[in-house]
Amino acid sequence: MGNTEIQPNKIKQLKRGQRIALISTFLILFLAVFKWLVGHFFNSQLLVADAWHSLSDVLINLTSLIGLWLASRKKTTRFPYGLYRAETLACFFIGVLIIYIGVDLFREGWGKLFQLELTTEFPVFPVGAALVSCAIACVLAVKQRAVGKAIGSQALLATARDAFFDIFTSLVVLVGILLVYAEIPYVEGVVVIIISIFIVKLGIETAITSVLILMDANLDSDLQSEIEEKLNSIYGVKGVTGVKIRQSGPFKMVECIIRTNPSLPLYRTHSLADRAEEILFNDYDNIESAFVHVEPDKNHVIKAIVPVHSKDGINSRIHGHFGRAPYFMIFTLNGEEIEVLNYYENEFLDQREHIGLKVVRAISAYSADLLFAANVGEISFHMLKNNFVDIYKVDKEITVADAVHAYQNNELAAIFEPTHSIENSPVMKS
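Residues numbered from 1 in each chain as written. Predicted model: local features only at pLDDT ≥ 70, side-chain atom pairs only at ≥ 80, totals over all residues. Heavy atoms only, no water.

## A look at the overall build of the protein
Helix and strand counts for the protein stand at twelve helices and nine strands. For the protein, with 430 residues in total, the buried portion stands at 47%. Long-range pairs, those at least 24 residues apart, make up 67% of the contacts in the protein between residues at least 6 apart in sequence. For the protein, the accessible area works out to roughly 21500 Å², and carbon and sulfur atoms hold 59% of it. (Helix = DSSP H or I, 4+ residues; strand = E, 2+ residues; numbered from the N terminus. Buried < 20%, exposed > 50% of the residue type's maximum accessible area, 1.4 Å probe, protein only. Contact = heavy atoms within 4.5 Å. Areas by Shrake-Rupley, 256 points an atom, 1.4 Å probe, with all protein chains shown as cover.)

## Remarks on the pattern of salt bridges
Per the stated rule, a full pass over the model turns up four salt bridges. In this structure, Asp-216 engages Arg-246 in a salt bridge whose closest nitrogen and oxygen atoms are separated by 3.6 Å. Of the two residues, Asp-216 sits in the loop between helix H6 (187–214) and helix H7 (221–232) while Arg-246 sits in strand E2 (residues 237–248), which places them 30 residues apart along the sequence. For the salt bridge of Lys-230 with Asp-283, the shortest nitrogen-to-oxygen distance reads 3.2 Å. With a gap of 53 residues between them, Lys-230 in helix H7 and Asp-283 in helix H8 (residues 266–283) connect regions that are remote in the sequence. Note on Lys-230: relative accessible area 27%, which makes it partly exposed. Since its relative accessible area comes to 42%, Asp-283 is described here as partly exposed. (Salt bridge = Lys/Arg side-chain N within 4 Å of Asp/Glu carboxyl O.)

## Topic: the sheet that holds strand E5 (residues 302–308)
The mixed open sheet is built from five strands, whose spatial order is E7-E6-E5-E8-E9. In the strand order of this sheet, the two ends are held by strand E7 (337–345) and strand E9 (390–393), each with one partner. In this sheet, adjacent strand axes meet at a mean angle of 25° when their direction is disregarded. Two elements, E5 and strand E6 (residues 327–334), share seven bridges in a ladder whose sense is antiparallel. Bridge pairing in E6 links Pro-307 to Phe-328. (Pairing = 2+ DSSP bridges. Axes fitted to C-alpha atoms, helices over the stretch in contact; angles between N-to-C directions.)

## A word on the nonpolar core
Ranked by size, the top nonpolar core spans 23 residues in total, and within it Ile-227, Leu-231, Ile-234, Ile-258, Leu-280 and Ile-287 carry the most contacts. Taken together, the elements giving at least two residues each to this core come down to H7, E2, strand E3 (251–260), H8 and strand E4 (287–296). With six residues, the single largest contributor to this core is H8. Among all residues touching Ile-227, those that are not within four sequence positions of it are Val-243, Ile-245, Val-254, Leu-280, Tyr-284 and Ile-287. Among the nonpolar cores identified, the runner-up in size contains 21 residues, and Tyr-235, Ile-305, Ile-355 and Leu-384 belong to it. (Core = buried A, V, L, I, M, F, W, Y, C linked by side-chain atoms within 4.5 Å.)

Right, dumping it as structure tokens:
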């Protein structure tokens, strides 16, 4: 059971990522050319160096763009799972490029420690170019991060982080230009070196994360716990194990095992798996496929409910009609052991209509596996079956102990249809 067909909205997400990556590439290319021209004509070597830094960012954005384009390609016989991981591979190269940029910037900063360029005129155009660079980098960083989070693109998030560092780099360039004009040594080089260290750290983290994703490491333990909690809340699920989350480009692929009542028919287990997959797809936009395997709960302790006349434990006598019973005994069966857990007192006996419906809603909180009953009306029957409750026919007025003994000896017949219609319900006649 599972869904591996890419959904149209996910294609739209990838296209959106491609658009922002393409726009970012052209803007950064414009910035690189602009800074190089200003630096060249106004003799600002620091601005020229920053232009080369921006040009390397163009290569990063192109890598991200190529990765997103490959990830959006249709699945083929050779690549049945799609090319989503091309985006992750692109993210790895982005990390390597960021490391290279950081090392190059470190060398530049080291060189600035021992150099001091003199200028007699205030560098209006270089300062203006640095300010424009800061502004554009800020807009790009915010936009790339927003889109990256929206579509779950690791490559866009990586380029957004690099764009945020570009803001600081441009500020350092601005400060450096002013320091050179003021003939103050050392400070520029020190700040550039500090920023380069952060950039190298960013590149290493990006590259390592990409490698871990390519090796199918689980990097989202919080999501794993959240999925387990959601699936455990499904009526009929007795436990969730083996939750595995695989990152594949901007999407996640989930595998898990849900345990349920061993007596559940095959079509009901399929329905349970479909419900689990529906929750995963509806609640998480970045889950592209889900494989839910259903297994019988081998160590399952059966929880049962039976309508009774009184609270006399296993000696309580079974009431003749499900909805009209004054009490419902809730107990567990573990092999030969019977443990009474609770009693539910029927609070709807003074009402004339839909008593069975209201009782089922009330006792559904106990998550029972089976019900012993002499008679079950049409509405109650269908609601109980929808809640994965097996219903067994017993004679009225026998004790709960006798009913359990008959069940354990396979002497009870399962009820596969209501014992009476709505029109023939004792409640309607009364």
